[in-house]
Amino acid sequence: MIFCAVLVVGLVSVFMIRNSRQALEEGRVQFVADHLSDMTANKLDMIHNEMTRMAENPVVLQYATKFQEQVLVQFFVEQSKIFPDIRFVAADGYEEVRVKDGHALGTETRYEGDVMLARCRELPGRTLVDPMLYSGPDGYSLRLLFGIKRYFGGLYVGTIVAYYPLSRLQKVLKMPGVGGDDLNLIVDLEGQVLASSSGKLIGKPVFDPLKTKSLLEAARKKRHLMIRDRLFEVDSFCVLQPLDINPWTIVVSTPYAGFVAESNRIRNYYLIILVVMGVLGSVMVYTLANRIIGPLLELSRQAVRVVGGHAQRLNVTSDDEVGTLVNSFNTMVADLTQTTVSKEYLVRIIDTINDLLVVIDSRGRLTRVNRKVAVDLGYSYEEMLGMHLRDIIVGYPQGDLPWFFAMPELTEQAGGLDKELRKRNGETISVLLTSSVLRDPENNPTGAVLVAHDISDRIEAEQKLAHFAKQLQESNQELEEFAYIASHDLKEPLRKVTAFGERLKMKFGDLLGEQGVDYLARMESAATRMQRLIDDLLNFSRVKTKARPFEPVDLNNIYTEVLSDLETRIEETGGKVTCQGLLVIDADPMQMRQLFQNLIGNGLKFNRPGVAPQLDIRGEILENNWYRLTFTDNGIGFDEKYQEKIFGVFQRLHGREEYEGTGIGLSICRKIAKRHGGDISAAGTLGAGAEFTVTLRRVQSKEPEGHAG
């Protein structure tokens, strides 16, 4: 019986699949018809717009006042690519200009009684489409007219008349169809072909003249019509799609034999499969019925006993599918026997969870809690059952609203919520609360499972961190004040040492002798170095503390200013400094000037004896908002093993007798680069020059803290 039902369902499915396939084919043809309808409408709309554009051209409007016939003829020749036949008919009905196929023709025609010309006189400034079609050697043409009037006085002076051959719609109709033999047509109210994808059949009736009118009227009422008919002696499936903008109709056709070939093939294929299945199924049913029915009936009886909790194992020994099914049933019975005691096991698992777990019902009352909740909140398990969420959650809204209205964040949260739970003694515990809502089949909340993780340690750590941050800020403030006071207090004694040294030298220089003068010179030199050291230390400490906000800085201006400051040193050393690729970037202008001055100054200072220093500065845009500056010199260079040491405070590779300086300049440069979100690196060869590379952000969104990658 079941097998017969399967065969019936199979046969029904075959015909449903065939009908579905045929419906798919119909949909494809309808899609082509809709698309051709839209394309044709767009094409006609484009022709209308082209006519308006041509008629409103200054050449045409100037002809209305200046009558420059040769200029108008040349303009019509240019427009003949769109309209092969263009004419200008004066207000008296005489044709003054005519261009056909790009050539000017004689004009002796007079239009008498032309209704469309009369309408153009009444409605100048609008493109009118003649409802009549004009037949010529190349087929039908569409006539468009536009009335012209003078700008001053508004006097009607004539009409632009243009003819558009419908044969040009052949390209539109040649779009890919539903098959290789499809035929796409445009027909008029009488069913005559105006244009076709084949370029032929123009003027021929598309259907039997006795029923053409009724078919076209039916298509226009229904918006489209699908029929099977003979089209030019070919049995075809056709879709008639009326156009909205005029009384024409799109006809898309494909040979009916090809239209149904695929669906018939699928039908035959499935029928063969059903026949084979029927033969094999009959044999299998007869062979296996006795081996399957008996065990299955017994299995059904025992399955009923499972509901009552009295299932028994089945004693069936077989290696086939029935035996596998019986073995699975016996395993299920054994598992059910073991899981009857799993409730206590589940409770023990929940109680071992190290987080607070609460189950609530739809009213917000606690129906189950784990041991952690009772211990941490100071209640017994029995006391907590029946309590409400408002009893344990600090800040729970008062009133009788359901919990999912009172605390909607428990149903909408994407992550955890920072909450406080109230203990029995009134103290609170800070927790991260997460929830999982239980819902009925109608998606209404029936309860929820809440898990609270104690974050008291995290809150305490955050408070300590905030306290330490405040202390650090106060310490930085004190250090800044100390730096200012120290610099002021140190500079004043140094100024006195220098001043009194000068006085001693001026008043008692002759009495001190050569050794005394040498001592004074050493004292003045030490004071000068001390003064420079204090200034450099202050500059180093103020890179961030006295920094100015970022603003657009033109590095070309910075470069020019620094070169002006170093003009004397450049002249003394005979040096040469060049640059290229400098841009405008977001930066601290004072610090950019300090960076350029230090790096250019080093390039001029650390030069080889007898070799004029040369320094080349290059700017280069990198990806991801990075900008790179490269300072390359031909100086003394350095050993690669010192490429990080030179950026340390007070780190010098040469004695003060060889090269002046405090050893802080490059440290300041690195600090400036890092404040601008970048870094600085160095490369060099001893005796062959050095190269310093500075990487900066071009656009600063905030005070940068990271380093360049």
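Residues numbered from 1 in each chain as written. Predicted model: local features only at pLDDT ≥ 70, side-chain atom pairs only at ≥ 80, totals over all residues. Heavy atoms only, no water.

**Details of the overall build of the protein chain**
A tally of regular secondary structure across the protein chain gives 18 helices and 23 strands. Scored against the burial criterion, the 709 residues of the protein chain give a buried share of 37%. If you take every contact in the protein chain between residues at least 6 apart in sequence, the share linking residues at least 24 apart comes to 57%. Total accessible area computed for the protein chain in this model is approximately 41500 Å², and 55% of it derives from carbon and sulfur atoms. (Helix = DSSP H or I, 4+ residues; strand = E, 2+ residues; numbered from the N terminus. Buried < 20%, exposed > 50% of the residue type's maximum accessible area, 1.4 Å probe, protein only. Contact = heavy atoms within 4.5 Å. Areas by Shrake-Rupley, 256 points an atom, 1.4 Å probe, with all protein chains shown as cover.)

**So, the environment of Tyr156**
As for its position among the elements, Tyr156 is in strand E6 (residues 156-165). Residue classification places Tyr156 among the buried residues on the basis of a relative accessible area of 12%. With 33 residues separating them along the chain, Tyr156 and Leu123 place their C-alpha atoms 9.8 Å apart. Leave out the neighbours within four places in its chain, and Tyr156 touches Ala91, Leu117, Cys120, Arg121, Gly147, Ile148 and Lys149. Separated by 2.4 Å, the side chains of Tyr156 and Thr159 make a polar contact. (Polar contact = N/O pair within 3.5 Å; in protein donor to acceptor, adjacent residues only side chain to side chain.)

**Quick notes on the pattern of salt bridges**
Throughout the structure, instances matching the rule amount to 21 salt bridges. The salt bridge involving Asp85 is made with Arg87; its shortest N-O contact spans 3.0 Å. The structure contains a network of salt bridges with shared partners spanning Asp85, Arg87, Glu95 and Arg98. (Salt bridge = Lys/Arg side-chain N within 4 Å of Asp/Glu carboxyl O.)

**Comments concerning helix H2 (residues 58-66)**
Every buried residue of H2 is accounted for by Val60, Tyr63 and Ala64. Buried residues along H2 cover an arc of 105 degrees about the axis, so they all sit on one side. The opening residue of H2 is Asn57, an N-cap whose side-chain oxygen sits 3.0 Å from the backbone nitrogen of Val59. Among the residues trailing H2, Phe67 stands out with phi positive, at a value near 55 degrees. (Arc of directions from axis to C-beta.)

**So, unusual backbone geometry**
Here the phi dihedral of Asn624 falls at roughly 55 degrees; this positive angle occurs in a residue that is not glycine. Checked against the element boundaries, Asn624 lands in the loop between strand E20 (614-621) and strand E21 (626-633). Classification of Asn624 by relative accessible area gives exposed; the value is 65%. One non-glycine residue, Asn625, lies in the positive phi region at around 75 degrees. Here Asn625 lies in the loop between E20 and E21. Judged by relative accessible area, which is 22%, Asn625 ranks as partly exposed.

**Structural notes on a nonpolar patch on the surface**
Together, Leu504, Phe508, Leu511, Leu512 and Val517 make up a nonpolar patch on the protein surface, roughly 440 Å² of accessible area in all. The exposed category is assigned to Leu511, whose relative accessible area is 71%. (Patch = residues over 30% accessible without salt bridge, like charges linked within 9 Å, V, L, I, M, F, W, Y side chains within 5 Å.)

**A word on the sheet that holds strand E2 (residues 95-100)**
To summarise the sheet geometry, strands pair through backbone hydrogen bonds and adopt either a parallel or an antiparallel arrangement. The strand order across the open sheet built from 6 strands is E3-E2-E1-E6-E5-E4, with neighbouring strands paired in antiparallel fashion. A strand with exactly one partner marks an edge of an open sheet, and here the two such strands are strand E3 (103-104) and strand E4 (127-136). Pairing geometry for strand E1 (residues 85-90) and E6, over 6 bridges, is antiparallel. Paired with Val89 across the bridge in E6 is Thr159. Packing of H2 onto the sheet brings it into contact with E1, E2, strand E5 (139-149) and E6, and relative to E5 it is tilted by some 55 degrees. (Pairing = 2+ DSSP bridges. Axes fitted to C-alpha atoms, helices over the stretch in contact; angles between N-to-C directions.)

**As for the confidence of the model for the protein chain**
One rule of thumb: low pLDDT means the predicted coordinates there are not for detailed reading. Per-residue confidence for the protein chain averages 78 on the pLDDT scale, and 76% of its residues sit at or above 70. Overall, residues 704-709 carries pLDDT values under 50, and its contacts beyond four positions in sequence, including any with other chains, amount to 19 contacts. (pLDDT = per-residue confidence, 0-100.)

**Some details on the nonpolar core**
Counting 44 residues, the largest nonpolar core has Phe76, Phe83, Ile148 and Ile160 as the members making the most contacts within it. Residue contributions to this core peak at 9 residues, all from helix H1 (residues 2-55). Not counting residues within four places of it along the chain, the set of residues in contact with Phe76 comprises Ile86, Arg87, Phe88, Val97, Val99 and Ile160. (Core = buried A, V, L, I, M, F, W, Y, C linked by side-chain atoms within 4.5 Å.)

**With respect to the packing of aromatic side chains**
If you walk through the whole model with that rule in mind, you get 5 aromatic pairs. Judged by centre distance (4.9 Å) and plane angle (80 degrees), the rings of Tyr63 and Phe88 are edge-to-face. Of this pair, Tyr63 sits in helix H2 while Phe88 sits in strand E1, and the two are 25 residues apart along the sequence. For the pair Tyr63 and Phe88, one class covers both residues: buried. Seen in terms of ring centroids, Phe596 and Phe631 are 5.4 Å apart; in terms of plane orientation they differ by 75 degrees. Their pairing is edge-to-face. Residue Phe596 is found in helix H17 (residues 589-605), and its partner Phe631 is found in strand E21; the two are separated by 35 residues along the sequence. The exposure class of Phe596 is buried, given its relative accessible area of 0%. Given a relative accessible area of 1%, Phe631 falls into the buried group. (Phe/Tyr/Trp six-rings, centres within 6.5 Å; stacked < 30°, edge-to-face > 60°.)

**Comments concerning the side chain of Ser430**
Topologically, Ser430 is positioned in strand E15 (residues 428-439). Judged by relative accessible area, which is 17%, Ser430 ranks as buried.

**A short note on empty space enclosed by the protein**
Here the structure, examined in full by the defined rule, presents 3 cavities of 30 Å³ or more. Approximately 80 Å³ is the volume attributed to the largest cavity. Looking at the largest cavity, the residues that line it are Leu356, Val358, Val373, Leu377, Leu389, Ile392, Ile393, Leu421, Leu433, Leu450, Val451 and Ala452. Counting only elements with at least two residues in the lining of the largest cavity, the list comes to strand E12 (356-361), helix H10 (371-377) and strand E16 (445-454). Ranked by residues supplied to the lining of the largest cavity, first place goes to E16 with 3 residues. In the lining of the largest cavity, the residues fall into 12 nonpolar, no polar and no charged. (1 Å grid on protein atoms, 1.4 Å probe; cavity = no way out; pocket = protein on both sides within 12 Å on 5 of 7 lines; lining within 4 Å. Points joined across faces, edges and corners; volume = space filled by probe spheres on them. Nonpolar A, V, L, I, M, F, W, Y, C, P; charged D, E, K, R; others polar.)

**Some remarks on the environment of Leu357**
On the secondary structure map, Leu357 appears in strand E12. Residue Leu357 is classed as buried on the basis of its relative accessible area of 11%. Spatially, the C-alpha atoms of Leu357 and Arg371 are 8.6 Å apart, while their sequence positions differ by 14 residues. Excluding anything up to four places from it in sequence, Leu357 contacts Ile350, Arg368, Val369, Asn370, Val373, Val449, Leu450 and Val451.

**Quick notes on the sheet that holds strand E8 (residues 193-196)**
The sheet built from 5 strands is open, its strands ordered E8-E7-E11-E10-E9 with antiparallel pairing. The open sheet is flanked by E8 and strand E9 (225-231), the only strands paired with a single partner. Within the sheet, the average angular offset between the axes of one strand and its neighbour, ignoring direction, is 30 degrees. Sheet topology note: the E9/strand E10 (residues 234-242) ladder contains 7 bridges and is antiparallel. Residue pairing for E10: Leu225 is matched across the bridge by Leu240. Together, strand E7 (183-187), E9, E10 and strand E11 (249-255) form the strand contacts of helix H6 (residues 209-222), whose direction differs from that of E9 by roughly 160 degrees.

**Re the packing of helix H15 (residues 555-565) against H17**
With their axes 9 Å apart at the nearest point, H15 and H17 run at an angle of 50 degrees to one another. Between H15 and H17, the interaxial angle falls into the category oblique. H17 is crossed by H15, and the crossing has right-handed handedness. Where H15 abuts H17, its residues Leu555, Ile558, Tyr559, Glu561, Val562, Leu563 and Asp565 lie against Pro589, Met592, Arg593, Phe596, Gln597 and Ile600. (Parallel < 35°, antiparallel > 145°, perpendicular 65-115°, else oblique. Left-handed = near helix turned anticlockwise from the far one by under 90°.)

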